[in-house]
Amino acid sequence: MILRVARAAWSRGWGAGCRRGAADFPLPPPRAVDVAELLRDATAAEEEPREAAARRPPGQCSVLLFPGQGSQVVGMGRGLLRYPRVRELYAAARSVLGYDLLELSLHGPQEALDRTAHCQPAVFVASLAAVEKLHHLQPAVIENCVAAAGFSVGEFAALVFAGAMEFSEGLYAVKVRAEAMQEASEAVPSGMLSVLGQPQSKFTVACLEAQEHCKTLGIENPVCEVANYLYPDCRVISGHLEALQFLRENSSKYHFRRAKMLPVSGGFHTRLMEPALEPLEQVLKSIGVRKPLVSVHSNVDGNRYMHPRHIQKLLVRQVVSPVKWEQTMHAIYERKRGTEFPQTFEVGPGKQLGAVLKGCNLRAWRSYRHVEVLEDDGT
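Everything numeric here is computed off the predicted structure, so don't read it as measured data. (Residues numbered from 1 in each chain as written. Predicted model: local features only at pLDDT ≥ 70, side-chain atom pairs only at ≥ 80, totals over all residues. Heavy atoms only, no water.)

Student: Sorry, what's going on with the environment of Leu353 here?
Tutor: For Leu353, the location among the structural elements is in helix H16 (residues 352-360). Counting along the chain gives 28 residues from Leu353 to Trp325, while the straight-line C-alpha distance between them is 9.4 Å. Apart from the residues lying within four places of it in its own chain, the contact partners of Leu353 are Leu65, Phe66, Pro67, Phe151, Trp325 and Glu346. (Helix = DSSP H or I, 4+ residues; strand = E, 2+ residues; numbered from the N terminus. Contact = heavy atoms within 4.5 Å.)

Shown next as C-alpha cells:
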C-alpha cells in the first residue's frame, strides 16, 4: 500500500500527548514531541486517491534509510540546528532521557557517546532531526516516501517516522532497550567483528571453529555467529571477544579479506542479549503501536510489518536475531528490468547504509543521497 505524507502536516508543527507507560517503568513525560501525529494528519489531509498515488512513477518516489548503532560520532546534530523544530526535538528528548542529549551529541566525549545506553538514543534522535532537515529542503521527498527501513535501533526511528509510534514513546522504548543491552553487554566480554569475505569464505565453519576454540579456553556455551547480513560476502559476526580474536588471527584461513572490530560494547543480535528481552517486551506492551502509514521492513525477515502486534513481537525478537539487511534491500528494491528506482535518502549520522546499498544494488545506489548531520552544508 502506498500512502502519501503531505508536507502541510509537517509545517503545522509538532503534536503533543503521550500514553501511560507500564507500571514497572517510569512514565514518559507529557507534552513531548509527537512525530506520529504529523503523519496521521498527513493521511487525513491527503485527498489524492490511492490508485493515483500507486501510479506515481517510481523515479518520483523515495525510500528513507535510518542508520543504527556504530554510526555515532561527536558533532552529529550540528548540521541540523538551524532547521525548524530540531531544537524542540532535542528538548523533548531531554525530558524523556533525563540528560542533555544534544550536548552529548555535539561535544562528547566520544567514549560517553559510544556507550550503548547513550548512542542508541543519540542516533535515533539525530535521524528524526535529519528527517526534519530533509522535509525543509526537499518536502517532495517526504510527500512521496513509499518505504522506510532502519538498521537495528534505526528500525525504531523508521517506525516513528511512519506513524507507528509517537516520538516520546519510541524514544522511551529505545532508552529501555539501550540500557538493558548495555547491562547485558557488561555481563559478558563480547563484541562485533565486521568481515569482508570472498565467495569461498565459509562464515558458518569459521564461527563453529571459533566456538570450539573458546571451549578449549574454558568458556561454556560460547557464542560466535553471523549477526548482520550486509551485502554479498560481507557479514558482521558477533560473540565472545575470544572468538572474535580467533577469527582475526585466522582470517586468511577462512579467506577473509578484512576483519575489523566495530565500536560497540557487546555481542548484539545474539543470545547474549537475552537479558534485554523482558524489559523491552514490557515497555512495548505499554505504548501505543499502530500500523505504519508507509511500508516499514523488519530486520528479522526483511518483510513489511503488517499490523501492530507484528511490530511488537519482531522488535523484541530482533535483539537476539541477525539483522537481515541484505534481504531487506532486495525486498525494497526488487523490480522489473527497465523500471526506475526510487530516490533513497540515508537520514542520520554516517553513510554506512549507502555503502551497503551500493554492495547490494548498484543501480539503486545511483539514486542515493545522504542528509548531512555533522556540518551545515548551506543547502
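Read on, since the account is not over.
Student: Is there a simple way to explain the sheet that holds strand E9 (residues 343-347) in this structure?
Tutor: By definition, the strands of a sheet pair up through backbone hydrogen bonds, in either a parallel or an antiparallel sense. Taking strand neighbours across the sheet as the criterion, the five strands line up as E7-E2-E1-E9-E10 in an open arrangement whose pairing is parallel. The open sheet is flanked by strand E7 (295-297) and strand E10 (368-371), the only strands paired with a single partner. Averaged over all neighbouring strand pairs, the angle between strand axes comes to 20 degrees, with direction disregarded. Looking at chain direction, strand E1 (residues 62-66) and E9 are connected through four bridges and run parallel. (Pairing = 2+ DSSP bridges. Axes fitted to C-alpha atoms, helices over the stretch in contact; angles between N-to-C directions.)

Student: Which parts of the structure should I look at to understand the environment of Asn228?
Tutor: Take Asn228: it is sitting in strand E4 (residues 224-231). Spatially, the C-alpha atoms of Asn228 and Phe151 are 9.5 Å apart, while their sequence positions differ by 77 residues. Contact partners of Asn228, with chain neighbours within four places excluded, come to Phe151, Met192, Cys234, Arg235, Val236, His269 and Val323.

Student: I'm lost on the pairing of strand E3 (residues 190-196) in this one. Help?
Tutor: Across a regular strand the side chains alternate sides, sitting on one face of the sheet and then on the other. When you tally the buried positions in E3, you get seven out of seven residues, the bulk of the element. The alternating pattern of E3 places Ser190, Met192, Ser194 and Leu196 and Gly191, Leu193 and Val195 on opposite faces, both of which are buried. When E3 meets strand E5 (residues 234-240), the two strands line up antiparallel, connected through seven bridges. The partner of Ser190 across the bridge, within E5, is His240. By the bridge criterion, four bridges tie E3 to strand E6 (residues 258-261) in an arrangement that is antiparallel. (Buried < 20%, exposed > 50% of the residue type's maximum accessible area, 1.4 Å probe, protein only.)

Student: Just checking my understanding: could you explain the sheet that holds E4 for this structure?
Tutor: Here we have five strands laid out as an open sheet, ordered E6-E3-E5-E4-E8, and mixed in their pairing. Since the sheet does not close on itself, it has two edges, and those belong to E6 and strand E8 (323-324), each with one partner. On top of the sheet, helix H15 (residues 325-333) reaches E4, E5 and E8; it is set at about 30 degrees to E4, its chief contact.

Student: Quick question: what am I supposed to make of the nonpolar core here?
Tutor: A general trend in soluble globular proteins is that nonpolar side chains are found buried together. Leu64, Phe66, Phe124, Phe161 and Leu284 are the most contacted members of the largest nonpolar core, which totals 102 residues. With 10 residues, the top contributor of residues to this core is helix H7 (residues 116-137). Core analysis: the next-biggest nonpolar cluster, separate from the first, contains 17 residues, Val195, Cys214, Cys224 and Ala243 among them. (Core = buried A, V, L, I, M, F, W, Y, C linked by side-chain atoms within 4.5 Å.)

Student: Just to check I follow, could you spell out the packing of helix H9 (residues 154-161) against helix H14 (residues 308-318) for this structure?
Tutor: The axes of two packed helices give the description: the angle between them and the distance between them. Relative to each other, H9 and H14 sit at 160 degrees, their axes nearing to 11 Å. In terms of axis orientation, H9 runs roughly antiparallel to H14. Like other packed secondary-structure pairs, H9 and H14 cross with a definite hand, here left-handed. Contact residues: H9 offers Glu155, Phe156 and Leu159, while H14 offers Ile311, Leu315 and Gln318. Its residues assigned to classes, the contact of H9 with H14 shows four nonpolar, one polar and one charged. (Parallel < 35°, antiparallel > 145°, perpendicular 65-115°, else oblique. Left-handed = near helix turned anticlockwise from the far one by under 90°. Nonpolar A, V, L, I, M, F, W, Y, C, P; charged D, E, K, R; others polar.)

Student: Sorry, what's going on with the confidence of the model for the protein chain here?
Tutor: The predicted structure's coordinates, where accompanied by low pLDDT, should not be read in detail. Scored by pLDDT, the protein chain comes out at a mean of 87, with 85% of its residues at no less than 70. Confidence over residues 1-53 falls short of pLDDT 50; this stretch has 117 contacts with residues more than four positions distant or in other chains. (pLDDT = per-residue confidence, 0-100.)

Student: Got a minute to help me understand the packing of aromatic side chains in this structure?
Tutor: Two aromatic rings, taken as a pair, are described by how far apart their centres are and by the angle between their planes. Evaluation of the coordinates by the stated rule reveals five aromatic pairs. When the ring centre of Trp365 is taken as reference, the NZ or CZ atom of Lys358 above it lies at 4.4 Å. (Phe/Tyr/Trp six-rings, centres within 6.5 Å; stacked < 30°, edge-to-face > 60°. Lys NZ or Arg CZ within 6 Å of the ring centre and 35° of its normal.)

Student: Looking at this structure, I do not really get the packing of helix H10 (residues 167-187) against helix H13 (residues 277-286). What am I missing?
Tutor: Across the interface, H10 lies against H13 with an axial gap of 9 Å and an inter-helix angle of 170 degrees. Taken together, the axes of H10 and H13 are roughly antiparallel relative to one another. For the pair formed by H10 and H13, the contact residues are Tyr172, Ala173, Val176, Arg177 and Ala180 on the first element and Pro279, Leu280, Val283 and Leu284 on the second. Considered class by class, the residues forming the contact of H10 with H13 number eight nonpolar, no polar and one charged.

Student: How should I be thinking about the pattern of salt bridges in this particular structure?
Tutor: Oppositely charged side chains can form a pair if their charged atoms are brought close together. The final tally for this structure, using the stated rule, is nine salt bridges. Residue Glu209 is joined to Lys253 by a salt bridge in which the shortest nitrogen-to-oxygen separation is 3.0 Å. Placement of Glu209 in helix H11 (residues 203-216) and of Lys253 in the loop between helix H12 (241-249) and E6 is noted, with a sequence separation of 44 residues between them. Note on Glu209: relative accessible area 29%, which makes it partly exposed. (Salt bridge = Lys/Arg side-chain N within 4 Å of Asp/Glu carboxyl O.)

Student: For this particular structure, what's the right way to read unusual backbone geometry?
Tutor: Of all residues except glycine, most have a negative phi; of all peptide bonds, most are trans. In this structure, the amide linkage connecting Gly108 to the following residue, Pro109, adopts the cis form with an omega of 10 degrees. Considering the arrangement of structural elements, one finds Pro109 in the loop between helix H5 (101-107) and helix H6 (110-114). Phi at Arg85 is positive, roughly 75 degrees, even though this residue is not glycine. Here Arg85 falls in the buried class, since its relative accessible area comes to 18%.

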